[in-house]
Amino acid sequence: MLKGFKDFIMRGNVVELAVAVVIGSAFTAIVTAFTTGIIKPLINSIGGSDPAQGLGFQLVGDKPSTFIDLGTVINAAINFLIVAAVVYFVLVLPIKKIQERRERGKEAGPSKPTDVELLTEIRDLLQERNTQR
C-alpha cells in the first residue's frame, strides 16, 4: 500500500503540479500587489460617479453598499491573466518541451510479431518435433 502511494507521489505529473501550485501562489501575491498598487489606481482614475470610489456606479444613491465596483473586477481579470501567462510560459511550456525531447530520444521497441508470423513459427516447431521422432 505504501509502495503504491510512493509511486503515485514520485510520478512526474504530481511533482510538477505541486511545484506549479507553490510557485503560482507565491507569484500571485506579487502580481496582486502590482495590480492593486499600480493598475487599480490607473483604472480608478478613469472615474465613475464618485472619484473616491473608483470606476463603477451606485445603484441606489444614498446606500454606499450598492456601489458596483467595476475597477475591482477589471483588476482581478488583469491579475488572473498575468498569473496565467507567467505559469504557462515559465512552467507549462518548458515542461512540455522537455517531455517532447524525451519522447524523441526514445527508441521504438521491437515490434510484436503478427498472428501469421506466430502461426508460422508454431507450425515450423511442430514440424521439427515430428521429424525428430
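Check the entry above for the structure.
Residues numbered from 1 in each chain as written. Predicted model: local features only at pLDDT ≥ 70, side-chain atom pairs only at ≥ 80, totals over all residues. Heavy atoms only, no water.

1. Structural notes on the overall build of the protein
Defined as follows: Only runs of H or I of at least four residues qualify as helices and only runs of E of at least two qualify as strands under DSSP, and these elements are numbered from the N terminus. In this scheme, a residue with accessible area under 20% of its type's maximum is buried, one over 50% is exposed, and one in between is partly exposed, where area comes from a 1.4 Å probe on protein chains only. Contacts are assigned to residue pairs that have any heavy atoms within 4.5 Å of one another. Here the accessible surface of atoms and residues is derived via Shrake-Rupley with a 1.4 Å probe, and residues count as covered only by protein chains that are part of the display.
Regarding its fold elements, the protein presents four helices and two strands. Going residue by residue from the N terminus, the α and β elements of the protein occur as α-α-β-β-α-α. With 133 residues in all, the protein has 13% of them scored as buried. At a minimum sequence separation of 6, the contacts of the protein that also span at least 24 residues come to 44%. Carbon together with sulfur atoms contributes 67% to the accessible area of the protein, which is approximately 10700 Å² in total.

2. Some thoughts on the environment of Leu70
As for its placement among the helices and strands, Leu70 is situated in helix α3 (residues 70-105). The partly exposed category is assigned to Leu70, whose relative accessible area is 36%. For the pair formed by Leu70 and Leu55, sequence separation is 15 residues and the distance between their alpha carbons is 5.6 Å.

3. Some thoughts on the packing of aromatic side chains
Here is the rule: Each Phe, Tyr or Trp ring (for Trp, its six-membered ring) is paired with any other whose centre lies within 6.5 Å, and the angle between the two planes then decides the class: stacked below 30 degrees, edge-to-face above 60, tilted in between.
Here the structure, examined in full by the defined rule, presents one aromatic pair. With 5.1 Å between their ring centres and 80 degrees between their planes, Tyr88 and Phe89 make a pair best called edge-to-face. Given a relative accessible area of 54%, Phe89 falls into the exposed group.

4. Some remarks on a positive patch on the surface
Operational definition: Like charges are joined within 9 Å and nonpolar side chains (Val, Leu, Ile, Met, Phe, Trp, Tyr) within 5 Å, but only among residues with over 30% relative accessible area and no salt bridge; these make up the patches. Each salt bridge in this description consists of a side-chain nitrogen of Lys or Arg and a carboxyl oxygen of Asp or Glu lying within 4 Å of one another. Within this scheme the basic residues Lys and Arg register as positive and the acidic residues Asp and Glu register as negative, but His and the chain ends are omitted. By convention, charge coordinates are those of NZ in Lys, CZ in Arg, CG in Asp, or CD in Glu.
Residues Lys96, Lys97, Arg101 and Arg104 make up a contiguous surface patch of positive charge. Here Lys96 is to be found in helix α3. You can call Lys96 partly exposed: its relative accessible area is 41%.

5. Remarks on α3
The criterion, for reference: Here, expected helix span is obtained from the residue count minus one, scaled by 1.5 Å. Fitting one axis to the seven residues ending at a residue and another to the seven starting there, the bend at that residue is the angle between the two axes.
If you check α3, its first and last C-alpha atoms are 51 Å apart, about what 36 residues at 1.5 Å a residue would give, namely 52 Å. Along α3, the largest kink reaches about 40 degrees and is centred on Tyr88. Residues Gly71, Asn75, Asn79, Val83 and Leu91 constitute the buried set of α3.

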